[in-house]
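Chain by chain, the residues:
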Amino acid sequence: MATVVAMPRMGYDMEKGTVVSWLKHEGDGVAQGEAIAEIEADKAVFEFEAPASGSLLRIFVVEGTAVPVGGVIAYIGEPGEAVPEATEAEPRLPPGPGLLVPSTSPAGDSVSRRFVSPLARRLASELGVDLSLVEGTGPLGRVTRDDVLAFHDGGVEDETRRVADPGAATVTPTEQGGLSPRQPDPDGRIPIGKMGQAVARRTRSTFNEAPHFYVTVRVDMTEAMAWRDALNSPLSADQRVSVNDLLMKACSIALERHPAFNATFEGDHLRVHPHVNMGMAVALQEGLIVPAIPSCEGKSVADIAAAAKDLAARARAGSLRQEEYTGTFSVSNLGMFGVSAFAAIIVSPQVAMLAVGEVEDTAVPRDGGVQIRKMMSATLSADHRAVSGAEAALFTAEIRRVLEHPAELE
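A word on the overall build of the protein chain
For step 1, the next point in the chain: Secondary structure assignment for the protein chain yields seven helices and 22 strands.
For step 2, the next point in the chain: By residue count, 44% of the 410 residues in the protein chain fall in the buried class.
For step 3, the next point in the chain: The long-range share in the protein chain, meaning contacts at least 24 apart out of those at least 6 apart in sequence, stands at 61%.
For step 4, the next point in the chain: Accessible surface computed for the protein chain: about 20100 Å², of which carbon and sulfur atoms make up 54%.

Considerations on the packing of aromatic side chains
For step 1, the next point in the chain: Going through the model one piece at a time under the given rule, you end up with three aromatic pairs.
For step 2, the next point in the chain: With a centroid separation of 5.8 Å and 80 degrees between ring planes, the pair formed by Phe-60 and Tyr-75 is classed as edge-to-face. Of this pair, Phe-60 sits in the loop between strand E6 (54-59) and strand E7 (66-68) while Tyr-75 sits in strand E8 (residues 72-77), and the two are 15 residues apart along the sequence. For the residue pair Phe-60 and Tyr-75, the accessibility class agrees, reading buried in each case.

Some details on the side chain of Thr-206
For step 1, the next point in the chain: Mapping Thr-206 onto the fold places it in helix H3 (residues 194-209).
For step 2, the next point in the chain: Taking the relative accessible area as the measure of exposure, Thr-206 reaches 6% and is therefore buried.
For step 3, the next point in the chain: Apart from residues lying up to four places away in sequence, Thr-206 is in contact with His-212, Ile-345, Ile-346 and Ser-348.

What to know about the environment of Gln-322
For step 1, the next point in the chain: With respect to the helices, strands and loops of the structure, Gln-322 is situated in the loop between strand E18 (320-321) and strand E19 (329-333).
For step 2, the next point in the chain: Gln-322 gets classed as partly exposed once you look at its relative accessible area, which sits at 29%.
For step 3, the next point in the chain: In this structure Gln-322 touches Pro-8, Met-10 and Phe-48, once residues within four positions along its chain are discounted.

Thoughts on the pairing of E8
For step 1, the next point in the chain: Counting buried residues in E8 gives six out of six residues, a clear majority hidden from the surface.
For step 2, the next point in the chain: Here strand E1 (residues 3-6) runs beside E8; their pairing, made up of four bridges, is antiparallel. For Val-4, the partnering residue across the bridge sits in E8 and is Tyr-75.
For step 3, the next point in the chain: Pairing of E6 with E8, which is carried by four bridges, proceeds in the antiparallel orientation.

Points about unusual backbone geometry
For step 1, the next point in the chain: In this chain, Ser-348 is followed by Pro-349 through a cis amide linkage whose omega measures 0 degrees.
For step 2, the next point in the chain: Structurally, Pro-349 can be placed in the loop between E19 and strand E20 (352-356).
For step 3, the next point in the chain: The phi angle at Ser-295 is positive, at roughly 50 degrees, despite the residue not being glycine.
For step 4, the next point in the chain: Assignment of secondary structure puts Ser-295 in the loop between strand E17 (292-293) and helix H6 (301-317).
For step 5, the next point in the chain: Although it is not a glycine, Asp-367 sits at a positive phi angle of roughly 55 degrees.
For step 6, the next point in the chain: Structurally, Asp-367 is set in the loop between strand E21 (360-366) and strand E22 (369-383).

Describing the nonpolar core
For step 1, the next point in the chain: Counting 84 residues, the largest nonpolar core has Ile-73, Met-278, Phe-329, Leu-354, Leu-380 and Leu-403 as its most contacted members.
For step 2, the next point in the chain: Of all the elements, helix H5 (residues 243-257) adds the most residues to this core, at nine residues.
For step 3, the next point in the chain: Dropping the residues within four chain positions of it, Leu-354 is found in contact with Cys-251, Phe-329, Ser-330, Val-331, Ser-332, Ala-378, Thr-379, Leu-380 and Ile-399.
For step 4, the next point in the chain: Residues Val-129, Val-143, Val-148 and Phe-151 belong to the second largest nonpolar core, which totals nine residues.

As for the sheet that holds strand E5 (residues 45-49)
For step 1, the next point in the chain: Taken together, the five strands give an open sheet; going across it, the order is E7-E2-E4-E5-E18, and neighbouring strands pair in mixed fashion. Across the chains shown, the open sheet's two edge strands, defined by having one partner strand only, are E7 and E18.
For step 2, the next point in the chain: Bridge count between strand E2 (residues 16-22) and E7: three bridges; the pairing is antiparallel. Bridging across to E7, Thr-18 finds its partner in Ala-66.

Topic: the sheet that holds E1
For step 1, the next point in the chain: Reading across the sheet, the four strands line up as E1-E8-E6-E3 and stay open at both edges, with antiparallel pairing between neighbours. In this open sheet, the two strands that pair with only one neighbour each are E1 and strand E3 (29-30).

Describing the confidence of the model for the protein chain
For step 1, the next point in the chain: Put simply, the protein chain has an average pLDDT of 81, and 81% of its residues get 70 or more.
For step 2, the next point in the chain: pLDDT under 50 marks residues 87-113. Its contacts with residues more than four places away, or in other chains, come to 43 contacts.
For step 3, the next point in the chain: Confidence over residues 155-176 falls short of pLDDT 50; this stretch has 29 contacts with residues more than four positions distant or in other chains.

Concerning the pattern of salt bridges
For step 1, the next point in the chain: This model, assessed by the stated rule, comprises 16 salt bridges.
For step 2, the next point in the chain: When the shortest N-O distance is used, the salt bridge between Glu-266 and Arg-271 registers 3.6 Å.
For step 3, the next point in the chain: One salt bridge connects Arg-314 with Glu-324, and the closest N-O pair in it is separated by 2.6 Å. One end of the pair, Arg-314, is in helix H6; the other, Glu-324, is in the loop between E18 and E19, with 10 residues separating them in the sequence. In this pair, the class of Arg-314 matches that of Glu-324, namely buried.
For step 4, the next point in the chain: It is possible to trace a salt-bridge network through shared partners that takes in Asp-220, Glu-223, Arg-366 and Arg-373.

Calculation rules
Residues numbered from 1 in each chain as written. Predicted model: local features only at pLDDT ≥ 70, side-chain atom pairs only at ≥ 80, totals over all residues. Heavy atoms only, no water. Helix = DSSP H or I, 4+ residues; strand = E, 2+ residues; numbered from the N terminus. Buried < 20%, exposed > 50% of the residue type's maximum accessible area, 1.4 Å probe, protein only. Contact = heavy atoms within 4.5 Å. Areas by Shrake-Rupley, 256 points an atom, 1.4 Å probe, with all protein chains shown as cover. Phe/Tyr/Trp six-rings, centres within 6.5 Å; stacked < 30°, edge-to-face > 60°. Pairing = 2+ DSSP bridges. Core = buried A, V, L, I, M, F, W, Y, C linked by side-chain atoms within 4.5 Å. pLDDT = per-residue confidence, 0-100. Salt bridge = Lys/Arg side-chain N within 4 Å of Asp/Glu carboxyl O.

In structure tokens form, the structure reads like this:
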């Protein structure tokens, strides 16, 4: 029996998604787990993987079409196997590779019939590249990420490298994450894109629904920083462990000992998740996204560091996988921006989130004198429906204990 390919739910507040492009065509063979389409949700574009192996028998949704979560977009089965016919609610896509979707230009006065991958579109926006000037080298002239990079680095005249917001062109991005202050348009407005609108809806809903409370602890990171320096000394720059990696590992250990914080509130009980999928806040120019590293309970600090670098890069490129939207607990770190302490809004339907600030040299009373120690503030935001203040105190104390005894991170 043919397998239904349905619009997946990427994030708990997602109601519909848009098929940006099909990576496979009718009649193509596909393997379970192989990317077959690019789907755009409110906060990112991700590659959608085939739920089964076989032949892509029929595609029901044209590129650019928004489909409710659970809506049928295709069928996979054995070659020649019968599948339902298309309906008006499921527009039929012509078979074969010639799938071109009209898209209105920014000026609204012309129509372009070209392929542009979501990654290429996002990168072009970040680099200020006019896609109409880029020659696509992919199948059917598809503009790829490499095409955008080649155009940008190929000595093109500055006039063609115009940015969407000329007022922001002179702003130097911060060193952390390439973010720059958003600038108003000539009418004094700062547009909020789809991602920003999704963040607004989600945070308002979560903050109104979950009664937040906060617990802050001061963590002596002196030994942890020395342990990290020793771990990093033989490693190349792209392999080194960050403070955030230590935090995620410490939280993973603490969550195994305090499973109520790795759960979802379901009215009369907590649903404890079988794995620690560690959410990690990534700031993008368009807004905030919190993708997750799956199964952190089985990963070393080095494993988490490698996964975090890969996850952040793909979050910024818009190429996250479906399972990376299902965090069970999250960490947000603003220490790299010089922030001493802050409190975060919980990522629904999680029940807690840890917000950490900068590791600072601080004068601390110790052994009858004063010592300079490396101190950090960590604030837990928790859902009072799910956990109590005493439980939060014990949980944050466990995180602190692990960080202050870094041998446990091994």
